[in-house]
Amino acid sequence: MSALSSKHLLGIKDISKEDIQLIFKTAENFKEVINRPIKKVPSLRDITIANIFFENSTRTKISFELAEKRLSADIVNFNSGTSSVNKGETLVDTVNNILAMKVDMVVMRHPAPGAAKFLSRHIDANIINAGDGTHEHPTQALLDAYTLNEKLGSLKDKKILIVGDIIHSRVALSNIYCLQKLGAHVRVCGPPNLIPKYIESLGVEVNYNLEESLAWCDAANLLRIQLERQDDKYFPSLREYSLQYGINQEVLDRINKDIIIMHPGPINRGVEITSQVADSNQSVILNQVENGVAIRMAILYLLTSN
Ligand code: CP
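Residues numbered from 1 in each chain as written. Predicted model: local features only at pLDDT ≥ 70, side-chain atom pairs only at ≥ 80, totals over all residues. Heavy atoms only, no water.

Draft legend 1. Geometry of the pattern of salt bridges. Within this structure, the stated rule accounts for 9 salt bridges. Note that Glu-32 and Arg-36 form a salt bridge whose closest N and O atoms lie 3.2 Å from each other. Across the salt bridge formed by Lys-69 and Glu-65, the nearest N and O atoms sit 3.7 Å from each other. Placement of both Lys-69 and Glu-65 in helix α2 (residues 59–70) is noted, with a separation of 4 residues, approximately one turn of the helix. The exposure class of Lys-69 is partly exposed, given its relative accessible area of 40%. (Salt bridge = Lys/Arg side-chain N within 4 Å of Asp/Glu carboxyl O. Helix = DSSP H or I, 4+ residues; strand = E, 2+ residues; numbered from the N terminus. Buried < 20%, exposed > 50% of the residue type's maximum accessible area, 1.4 Å probe, protein only.)

Draft legend 2. Representation of empty space enclosed by the protein. A complete count under the given rule lists 1 cavity of 30 Å³ or more for this structure. Roughly 40 Å³ of volume is contained in the largest cavity. In terms of lining residues, the largest cavity is bounded by Leu-4, Ser-6, His-8, Leu-9, Ile-15, Asp-19, Ile-23 and Leu-303. (1 Å grid on protein atoms, 1.4 Å probe; cavity = no way out; pocket = protein on both sides within 12 Å on 5 of 7 lines; lining within 4 Å. Points joined across faces, edges and corners; volume = space filled by probe spheres on them.)

Draft legend 3. Local environment of helix α3 (residues 91–99). Of the positions making up α3, those classed as buried are Leu-91, Val-92, Thr-94, Val-95, Ile-98 and Leu-99. Taken around the axis of α3, the buried residues stretch over an arc of 160°, which confines them to a single face. Close packing links the buried residues of α3 with β1 (48–53), β2 (74–79), β3 (105–110) and α4 (115–120). (Arc of directions from axis to C-beta. Contact = heavy atoms within 4.5 Å.)

Draft legend 4. Structural view of the sheet that holds strand β7 (residues 205–206). Taken in spatial order, the 5 strands make up an open sheet running β7-β6-β5-β8-β9, and their pairing is parallel. Here the strands that pair on one side only, and so sit at the sheet edges, are β7 and β9 (260–262). Note: strand β6 (residues 185–189) against β7, 2 bridges, orientation parallel. From the neighbouring strand, Arg-187 faces β7, where its bridge partner is Glu-205. (Pairing = 2+ DSSP bridges.)

Draft legend 5. How the structure looks around the site of the ligand. What surrounds the ligand is the set Ser-57, Thr-58, Arg-59, Thr-60, Arg-109, His-137, Gln-140, Pro-264 and Gly-265. At a separation of 2.6 Å, an oxygen atom of the ligand approaches a polar side-chain atom of Thr-60. One of the side-chain nitrogen or oxygen atoms of Arg-109 is found 2.9 Å away from an oxygen atom of the ligand. Grouping the constituent residues of the shell around the ligand by class yields 1 nonpolar, 6 polar and 2 charged. (Near = heavy atom within 4 Å. Polar contact = N/O pair within 3.5 Å; in protein donor to acceptor, adjacent residues only side chain to side chain. Nonpolar A, V, L, I, M, F, W, Y, C, P; charged D, E, K, R; others polar.)

Draft legend 6. Quick peek at the state of the cysteines. In this structure the tally under the stated criterion is 0 disulfides. Not engaged in a disulfide, the cysteine Cys-178 finds its nearest cysteine sulfur in Cys-217; these two sulfurs lie 17 Å apart. Judged by relative accessible area, Cys-178 falls into the buried class, the value being 0%. In this structure Cys-189 is a free cysteine whose sulfur lies 9.7 Å from that of Cys-217, the closest cysteine sulfur available. Take Cys-189: its relative accessible area is 0%, and that puts it in the buried class. (Disulfide = S-S within 2.5 Å.)

Draft legend 7. Layout of the pairing of β3. Most of β3 sits inside the fold, with 6 of its 6 residues counted as buried. Where burial is concerned, the two faces of β3 agree: the one with Met-105, Val-107 and Arg-109 and the one with Val-106, Met-108 and His-110 are both buried. Both β1 and β3 contribute to a ladder of 5 bridges, which runs parallel. Paired with Ile-52 across the strands is Met-108, a residue of β3. Two elements, β3 and strand β4 (residues 126–132), share 5 bridges in a ladder whose sense is parallel. The residue of β4 that forms the bridge with Val-107 is Ile-128. Handedness of the crossover joining β3 and β4 through α4: right-handed. (Right-handed = clockwise from strand over helix to strand, strands pointing away.)

Draft legend 8. Quick peek at the domain arrangement of the protein. In terms of domain boundaries, the protein breaks down into domain 1 (12–136 + 289–304) and domain 2 (138–286). Measuring from the centre of the C-alpha atoms in domain 1 to the corresponding centre in domain 2 gives 25 Å. Contacts between the two partners involve 31 residues from domain 1 and, on the opposite side, 27 residues from domain 2. Interface area, domain 1 with domain 2, both sides summed: about 2500 Å², of which 62% is carbon and sulfur. Among the residues of domain 1 in contact with domain 2, Ile-12, Phe-24 and Thr-134 are the three that bury the most area, contributing 25% of the side total. In this assembly, domain 1 and domain 2 are joined by 2 salt bridges. For the salt bridge of Glu-55 with Arg-170, the shortest nitrogen-to-oxygen distance reads 3.0 Å. Linking domain 1 to domain 2 there are 13 residue pairs in polar contact (both at pLDDT 80 or more). (Domains from an automatic or database assignment. Buried area = accessible area lost by both parts, 1.4 Å probe.)

Draft legend 9. Inspection of the sheet that holds β2 at higher detail. The parallel open sheet is built from 4 strands, whose spatial order is β2-β1-β3-β4. Strand pairing shows two members of the sheet lacking a second neighbour, β2 and β4, which therefore form its edges. The average undirected angle you get between the axes of adjacent strands in this sheet is 15°. Of the pairings in the sheet, the one linking β1 to β2 comprises 6 bridges and is parallel in character. Following the sheet pairing, Phe-53 is matched in β2 by Asn-79. (Axes fitted to C-alpha atoms, helices over the stretch in contact; angles between N-to-C directions.)

Shown next, in the form of structure tokens:
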């Protein structure tokens, strides 16, 4: 198999285990390319890609841009803050205007869950979801699983813990789908009102005790508290959250097990993770960022060959 089963990457829920394995195999080749002195290949020389971001981003936006440049694509960047969206233009009109300038592919981040899927029903170009509200963040899940694969080998029967603000997290949902498709067991841990009631119906374990959960897992993926998505108060204070669910060296010493520490970023140092843990040898946070470029190169390449 040398093509993805779908024309778009809208979410991990919609793709197969074989798609994920093809993305990983292709990313491995591109990881070799980006570590060469000359990091560029001509694969997407005739392709124009629009990066359309309606929400803030550092990692995802830069990573996509670098991936596109490494593949020799032409790129245009759209920032909603300085666009005619502020004059009342709809999402479909905005994107159709960009496509009229002969754009082949759209990478989009949007605050509304389902925005990428909605767009895919209205335009012909390939669409990659770079995060749609609290729904999915497929490229983050793929780079997370790829990083775990590098460290742990096959993820079959590996135990992966996701800690923190599960209810507001697109990273959590995409990770759950991806890890389960690769055969891993997933557990979530956090304050009860930050864990959605439906999560167990996805085959995910729930446990509210951090130390017990850390002792159970092979790797822990720590999530940021998404204050920008919280209208209500879900816990008394960040200090209290940090005392109960923050990962520090003391708790890792107590469990006395060499687990892998992951974080999709951006990190709130001193809240969900201490600087000592974030910068330790157990942390693979910067490996995740490095792998993000190779994973995104693989997805762009495979979608354009589709
Ligand atoms: N992990 C992630 O999506 O980071 P950004 O919001 O900076 O893109």
